[in-house]
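Chains, contacts and geometry: an overview
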Amino acid sequence: MLSTALVALDATIIATASATIARELGAFEQVPWLFSSYLLAQAVSTPLAGRLSDIVGRKRAILAGVGLFFLGSVLCGAAWSMGALVAGRVLQGLGAGAVMPVSQTIAADIYTLEERARTQGYLASVWAISSVVGPTLGGVFSEFLSWRWIFWINVPLCLLAAWMLIRRYHESPLGGRREPVDYVGAALLTAGSALLLLGLLEGGTSWAWLSAPSIAVLTVAVVLLAVFARHVRRVAHPILDLRLLRRRVIGVATAISLVVGMVVLGLVTYVPIYAQGVLGFGPLLAGFALAAMMVGWPLSATNAGRLYLRLGFRLTAMIGSALVVLGTASTLLLGADSPLVAVMGTTFLVGTGMGLTAVPTLIAAQSSVDHGIRGAVTGVNIFARSLGSALGVAVCGAIVNSVATVGPDGTPSGPDLMDAIRLVFVVVAVSGVLIAVLAVFLPADRQAARERRAAGGRDAAG
């Protein structure tokens, strides 16, 4: 939870201070890279870190992630230019990409099935708290102290997290001969994923979708990923075995995670814009509209274990996805004069459904494999969510930019804003239905749930 807090806080704390940072360091045009560079580095390192934790051990992998985050925070705090700050953000992103999958894999290693949903709820609660605390701290630091404290505050947190892991986390020694690291596959996956995400994040923003840079970046990305797919079939120990996706539970869980990323991105980005630009509320109340989702998610995730032990992963995910459909469909009823409580109710419903969908499907995928590849499965699942977020940026951004007026700061506004937001809500609602459809394709495990329950909820899935 301490390690996760580093990532969760950093994802929200910088947003309120970006304007202050730009004024001091200059280079306003590079401000978007404070976010894009972090997201890119985090996304491409996630599957690699998950797999490396299988090879070198969880403890080494997560400590390396915390160490990279520490170095990145120090560089950001001491940054003398926007370029140095962006470089520090890259190091932070690489560290975050290791912390996220490995922390969740550790939870899968040391807790039973019944306990695992509760621990995932605790990890999710860190994000819920950070979604409120992060922007507040960012504003306080940038206004009353210095924006550099946004990064210096990570230093004691990193040291505390590392100390706790060293002292309290005891990992069983890895048995047998260590697998070789597939450096060629890692390079191909990293380069291809980075270019794909870059093309999706910057398309329609830094360059037009049909421009030469956009076509070149996406084409090279596809070629590199195709070469990677061919490479992994020829090596004995690939950095990421794509054959894992052929397993029904892993393939469906990964697909669900991808679409979850699209739904979450659409709501996180455009609900505050809707609350401020259409309904006329201030940033604080607009934040409450979104915070309701962050509250519903950990609450339902914490109690998901009771459901999937009794009903199975498939039925639990179907119940959760039905709530997601109901919540995302409710966004279509929101208008220019909707009360804030209606928006909060809608996002809370979506968050509640996500806690019963995203968490059980991840646990189902983790439980279907042994310890030796559990990190890889977790990394792929989290990477899929990052890719879904990038797809959500591309789709929703293209829709909004084509309908609404975009101001100098990149924020949509104008009389057509409600029409643009409504189209985004349509995309979110369709994505919610797709999650429900995918949940149906999870393997039926009602009988296995009965057996697990009879065995006292011990981890017997495999």
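Structural notes, computed from the coordinates.

What counts, and where the lines are drawn
- Residues numbered from 1 in each chain as written.
- Predicted model: local features only at pLDDT ≥ 70, side-chain atom pairs only at ≥ 80, totals over all residues.
- Heavy atoms only, no water.
- Core = buried A, V, L, I, M, F, W, Y, C linked by side-chain atoms within 4.5 Å.
- Buried < 20%, exposed > 50% of the residue type's maximum accessible area, 1.4 Å probe, protein only.
- Helix = DSSP H or I, 4+ residues; strand = E, 2+ residues; numbered from the N terminus.
- Contact = heavy atoms within 4.5 Å.
- Expected span 1.5 Å × (residues − 1).
- Arc of directions from axis to C-beta.
- Axes fitted to C-alpha atoms, helices over the stretch in contact; angles between N-to-C directions.
- Parallel < 35°, antiparallel > 145°, perpendicular 65-115°, else oblique.
- Left-handed = near helix turned anticlockwise from the far one by under 90°.
- Nonpolar A, V, L, I, M, F, W, Y, C, P; charged D, E, K, R; others polar.
- Patch = residues over 30% accessible without salt bridge, like charges linked within 9 Å, V, L, I, M, F, W, Y side chains within 5 Å.
- Areas by Shrake-Rupley, 256 points an atom, 1.4 Å probe, with all protein chains shown as cover.
- Salt bridge = Lys/Arg side-chain N within 4 Å of Asp/Glu carboxyl O.
- Lys, Arg positive; Asp, Glu negative; His and termini not counted.
- Charge placed at Lys NZ, Arg CZ, Asp CG, Glu CD.

With that settled, the discussion passes to the nonpolar core. In this structure, Ile-256, Leu-267, Tyr-274, Trp-297, Met-354 and Ile-435 are the most contacted members of the largest nonpolar core, which totals 60 residues. Among the elements of the structure, α6 (113-144), α11 (248-277), α12 (283-311), α13 (313-330), α14 (340-367), α15 (371-403) and α16 (417-440) are those that each provide at least two residues to this core. It is α11 that contributes the most residues to this core, 14 residues altogether. If near-sequence neighbours (up to four positions away) are discounted, Trp-297 is found in contact with Ala-124, Val-260, Val-264, Gly-351, Thr-352, Met-354, Gly-355, Ala-358, Val-359 and Arg-385. By size, the runner-up hydrophobic cluster in this structure holds 17 residues, among which are Val-7, Ile-62, Cys-158 and Leu-165.

All right, on to helix α4 (residues 58-77) then. Compared with an ideal rise of 1.5 Å per residue, which puts 20 residues at 28 Å, α4 spans 28 Å between its outermost C-alpha atoms and is within 8% of the ideal. The complete set of buried residues in α4 reads Arg-58, Ala-61, Ile-62, Gly-65, Val-66, Phe-69, Gly-72, Ser-73, Cys-76 and Gly-77. Along α4, the residues classed as buried sweep out an arc of 140 degrees about the axis, all on the same side.

Contact pair α13 / α16: the axes reach a minimum separation of 8 Å and the direction vectors enclose 165 degrees. Between α13 and α16, the angle falls in the class roughly antiparallel. The way α13 lies across α16 gives a crossing that is left-handed. Contacts between α13 and α16 involve Arg-314, Ala-317, Met-318, Ser-321, Val-324, Val-325, Thr-328 and Ala-329 from the former and Phe-425, Val-428, Ala-429, Gly-432, Val-433, Ile-435, Ala-436, Ala-439 and Val-440 from the latter. Here the contact of α13 with α16 is composed, by residue class, of 13 nonpolar, three polar and one charged.

What follows concerns the environment of Leu-362. Residue placement: Leu-362 occurs in helix α14. Residues Leu-362 and Ala-117, 245 residues apart in the sequence, show an inter-C-alpha distance of 10.0 Å. Residue contacts for Leu-362: discarding those within four places in its chain leaves Gln-104, Gln-120, Thr-378 and Asn-381.

On to a positive patch on the surface, then. A cluster of like positive charges, contributed by Arg-230, Arg-233, Arg-234 and Arg-246, occupies part of the molecular surface. Note that Arg-233 resides in the loop between α10 (212-232) and α11. When its relative accessible area of 62% is taken as the criterion, Arg-233 is described as exposed.

We now examine the environment of Ala-108. Mapped onto the elements of the fold, Ala-108 is located in helix α5 (residues 82-110). In this structure, the C-alpha to C-alpha distance between Ala-108 and Arg-374, residues 266 residues apart in sequence, is 8.3 Å. Apart from the residues within four sequence positions on either side, Ala-108 is in contact with Arg-116, Gln-366 and Arg-374.

We now examine the packing of α15 against α16. Angle between the axes and distance between the axes: these two values describe a pair of packed helices. At their nearest, the axes of α15 and α16 sit 9 Å apart, and the two run at 155 degrees to each other. Between α15 and α16, the angle falls in the class roughly antiparallel. Relative to α16, α15 is oriented so that their crossing is right-handed. Seen from α15, the contacting residues are Val-395, Cys-396, Ile-399, Val-400 and Val-403; seen from α16, they are Asp-419, Ala-420, Leu-423, Val-424 and Val-427. For the contact of α15 with α16, the class distribution of residues is nine nonpolar, no polar and one charged.

Mapped onto the elements of the fold, Arg-374 is located in helix α15. By relative accessible area, which is 10% here, Arg-374 ends up buried.

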